[in-house]
Amino acid sequence: MGDLAFYVVFGTEERPRKLWSDGACGQFSVGVPAVPPELLVVFGCGEWAPGGAEVAVELRGPGEEALPLGKLTPHCRCLLWEPGRSADWEKWASKTGSSGLSLRLRVQGEEDSARAGQQGSQEPTTEATTTPPSGRAKRKRGQLGWEEGQGQENVPPSVPPAEAQRRVRSHPRPGHTRPFTPVQPCRPEGKSKAPVCGAEPSGRWGHTLCPIGSQTAILIGGQGSRMQFCKDPMWKLCTEDLSWVAAETIADGPTPDCRIGHTATFDPEKKRIYVFGGSKNKKWFNDVHILDTVSWRWTMVEAQGKVPPLAYHTCSLFRGELFVLGGVFPRPHPEPDGCSDSLYIFNPELGIWYQPIVLGDRPAPRSGHSACVIRGKIYIFGGWDTPICYNDTHALDLGLMEFSAVEVRGAPPSPRSWHGSAVLSGGSFLVHGGYDGHRALNDSFVFDTESSTWTAIVHPLLTATPRAGHTIVALGGAEQDPADPEGPEGPEPRPHALLVFGGGDNEGAFFSDRLTLKIDELLGQ
């Protein structure tokens, strides 16, 4: 076994504690709080040679009675235990009591156990995550969309039952503060930083990945295996080396619940992320939360004006205002939930919602569509309004506030929703994957806004895995776009690469992979 250090996290508001050797070779221990937490996470950091020893994890009572919790191995380096879901714990605690407990780790099957007794000289870091990494997690077919025979209601896919939910936050509860560690910027070129063991989000879909600069993106929310909302809802991604750090934030009031179908929009001038809407279980949101990416402080907007609770809508930033279009909104039982064709605008400076007068041929009501801002227009593609799935293209002229149906050339993508989309260079955008009501898709198309032409694109990274509910973000660079050097909003960095994260395949898998591909290679330049 290589040099390892073992850590434990008690509850959702704790930082990792290091387990220390108790004097016996290959044994480590730490005291357990008098009131057992609702969950306990144990993990090892460092080099663990393949085929190395197993580590038994157990609780010890005052009389040395042991309750086995599981094992850590080179292939499973993290263990999560929830006392409330363990019948063995109830029986064991009734005999031994819940005070004076300790957590112990015993190295098993290691010839050089003396070396294990000297492991772990490094201190725990605040970047260590409280949730084990997860790449793929199985669930039943059909949960990504609607089961057969359930297509009469416009409800978001994978709505989990309330009893399957346990609230876990990576930020303080309303009115509660704790020591704050700022999210550190990506490391400068030429400087190295040791990776954090287990620092990776769990597989998910329905999340948002919001770029806040050329080298950083923020992951918020999502839903994963067994239809449960992610217990690690917020992460920071350094796009330079694709490394993750669990985000630390502070708040003076309410912070957004973990949710799906929401939007997260970054304003580069104000350096703020606006989180709006979404759903959780049977609860729908129309709240606006702002994350200041300088102070990493959350605030909640007490907005004036009316906007309905929405999920699976789109939110586009233009000249400092947020343009919210479409989405699913709840209706009182027994009416089925409906899709919206309305446009709402939020002005952050005034803190008001309003509906503009819009002319032209507006898109039909829909959710799960995409929207891209290019040269003063919002291009809307696809979406879903049960039982119809769309593949039409509309444009909203933000100067005239007029919708128009785009007469396209070339073969358009097949009808789909919950696809990924991103603006490319040269006034075009990409559509990839999605869900057509029966299966997840893996094809890709580029739409050129000048010629109104759809072109099919084949790239091995994109065709390898069908997925829906994923995110695609464009990574900017210093070079300007020669096809649009100024643009309606002034010069902007030309995106040079795309990053694809997460999603599900409707066959039971959720992804936490990170795919990057250069735009020039994608377009064959």
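If you're wondering where the values come from, they're calculated on a predicted model, not measured in any experiment.

Draft legend 1. Focus on the overall build of the protein. A count of helices and strands for the protein gives four helices and 38 strands. Expressed as a percentage of its 525 residues, the buried residues of the protein come to 54%. Long-range contacts, defined as pairs at least 24 residues apart, comprise 62% of the intrachain contacts of the protein with a sequence gap of at least 6. As presented, the protein carries roughly 22900 Å² of accessible surface, and 50% of it is formed by carbon and sulfur atoms.

Draft legend 2. The arrangement of the environment of Leu498 in detail. Inspection of the secondary structure assignment puts Leu498 in strand β37 (residues 493-501). If near-sequence neighbours (up to four positions away) are discounted, Leu498 is found in contact with Ala422, Leu424, Leu430, Ile472, Val473, Ala474, Leu515, Thr516, Leu517, Ile519 and Leu522.

Draft legend 3. A look at the sheet that holds strand β15 (residues 263-267). Within the open sheet, the five strands sit side by side as β14-β20-β19-β16-β15. Their pairing is mixed. Of all strands in the sheet, those with a lone pairing partner are β14 (250-251) and β15, marking the two edges.

Draft legend 4. View of the sheet that holds strand β31 (residues 402-405). One open sheet accounts for five strands, arranged β27-β31-β30-β29-β28; its pairing is mixed. Taken across any chain shown, the strands that pair with only one partner, and hence form the sheet edges, are β27 (359-360) and β28 (370-374). By the bridge criterion, five bridges tie β28 to strand β29 (residues 377-385) in an arrangement that is antiparallel. Bridge pairing in β29 places Val373 opposite Ile378.

Draft legend 5. View of unusual backbone geometry. A cis amide bond, omega 10°, links His333 with the succeeding residue Pro334. Its location among the elements puts Pro334 in the loop between β23 (328-329) and β24 (338-339). Each neighbour pair has its own omega, and for Thr386 with Pro387 the value is 0°, a cis peptide bond. Positionally, Pro387 belongs in the loop between β29 and β30 (388-397).

Draft legend 6. Region of interest: the pairing of strand β25 (residues 343-347). In terms of residue burial, β25 counts as a mostly covered element, since five of its five residues are buried. Taking every second residue as pointing to the same face, both faces of β25 are buried, with Leu343, Ile345 and Asn347 on one and Tyr344 and Phe346 on the other. By the bridge criterion, four bridges tie strand β22 (residues 321-325) to β25 in an arrangement that is antiparallel. Among the inter-strand pairings, Leu322 is bridged to a residue of β25, identified as Phe346. Here β25 runs beside strand β26 (residues 352-354); their pairing, made up of three bridges, is antiparallel.

Draft legend 7. Fine view of helix α1 (residues 87-96). Residues of α1 that are buried: Trp89, Trp92, Ala93 and Thr96. All buried residues of α1 project into a common sector of 100° when viewed along the axis, lining one side. α1 presents Glu90, Lys91, Ser94 and Lys95 as exposed residues on the side facing more than 90 degrees away from its buried surface. As for α1, its buried residues are in contact with β6 (54-60), β7 (66-72) and β8 (78-81). Directly after α1, the chain includes Gly97, whose backbone phi takes a positive value near 85°.

Draft legend 8. Representation of the state of the cysteines in the model. Scanning the model with the defined rule gives zero disulfides in all. We note that Cys230 lacks a disulfide partner, and the nearest cysteine sulfur, in Cys258, lies 5.7 Å from it.

Draft legend 9. Fine view of the packing of aromatic side chains. Applying the stated criterion to the full structure yields 19 aromatic pairs. Both rings, one in Tyr379 and one in Phe447, keep their centres 6.2 Å apart while their planes meet at 55°; by these two values the pair is tilted. In this pair, Tyr379 is assigned in strand β29 and Phe447 in strand β34 (residues 440-448), connecting sequence segments 68 residues apart. With a centroid separation of 5.4 Å and 45° between ring planes, the pair formed by Phe429 and Phe447 is classed as tilted. Placement of the pair is Phe429 in strand β33 (residues 428-435) and Phe447 in strand β34, with a sequence separation of 18 residues.

Draft legend 10. Region of the structure containing the nonpolar core. If you look at the biggest cluster of nonpolar residues, it comprises 26 residues, and the most contacted ones within it are Leu59, Leu69, Leu103 and Leu105. Counting only elements with at least two residues in this core, the list comes to β1 (4-10), β4 (27-31), β5 (40-46), β6, β7, β8, α1 and β9 (102-108). Here this core takes four residues from β1, the largest share from any one element. Not counting the four nearest positions on each side in its chain, Leu105 is found in contact with Phe6, Leu19, Gly26, Gln27, Phe28, Val42, Val55, Ala56, Val57 and Leu72.

Draft legend 11. Expanded view of the side chain of Ser316. Structurally, Ser316 can be placed in strand β21 (residues 314-318). Assessed through its relative accessible area of 5%, Ser316 is described here as buried. Setting aside anything within four residues of it in sequence, one finds Ser316 in contact with Glu321, Leu322, Phe323, Ala371, Val373 and Ile378.

Draft legend 12. Up close: the pairing of strand β16 (residues 272-276). β16 sits mainly inside the fold: four of its five residues count as buried. Both β15 and β16 contribute to a ladder of five bridges, which runs antiparallel. Paired with Asp267 across the bridge in β16 is Arg272. In this structure, β16 lies alongside strand β19 (residues 288-292), joined through five bridges in antiparallel fashion. Its bridge partner lying in β19, Val275 is registered against His289.

Draft legend 13. Just the confidence of the model for the protein, in detail. Model confidence for the protein is summarised by a mean pLDDT of 78, while 75% of its residues fall at 70 or above. For the protein, helix α2 (residues 113-116) is the element with the lowest average pLDDT, namely 38, and β22 is the one with the highest, namely 98. This stretch, residues 110-198, has a pLDDT under 50; its non-local contacts, to residues over four places away or in other chains, come to 214 contacts.

Draft legend 14. Examining the pattern of salt bridges more closely. A complete count under the given rule lists eleven salt bridges for this structure. Between Asp436 and Arg439 there is a salt bridge whose closest N-O contact spans 3.8 Å. Each of Glu58, Arg60 and Arg106 takes part in one network of salt bridges that share partners.

Calculation criteria
- Residues numbered from 1 in each chain as written.
- Predicted model: local features only at pLDDT ≥ 70, side-chain atom pairs only at ≥ 80, totals over all residues.
- Heavy atoms only, no water.
- Helix = DSSP H or I, 4+ residues; strand = E, 2+ residues; numbered from the N terminus.
- Buried < 20%, exposed > 50% of the residue type's maximum accessible area, 1.4 Å probe, protein only.
- Contact = heavy atoms within 4.5 Å.
- Areas by Shrake-Rupley, 256 points an atom, 1.4 Å probe, with all protein chains shown as cover.
- Pairing = 2+ DSSP bridges.
- Arc of directions from axis to C-beta.
- Disulfide = S-S within 2.5 Å.
- Phe/Tyr/Trp six-rings, centres within 6.5 Å; stacked < 30°, edge-to-face > 60°.
- Core = buried A, V, L, I, M, F, W, Y, C linked by side-chain atoms within 4.5 Å.
- pLDDT = per-residue confidence, 0-100.
- Salt bridge = Lys/Arg side-chain N within 4 Å of Asp/Glu carboxyl O.

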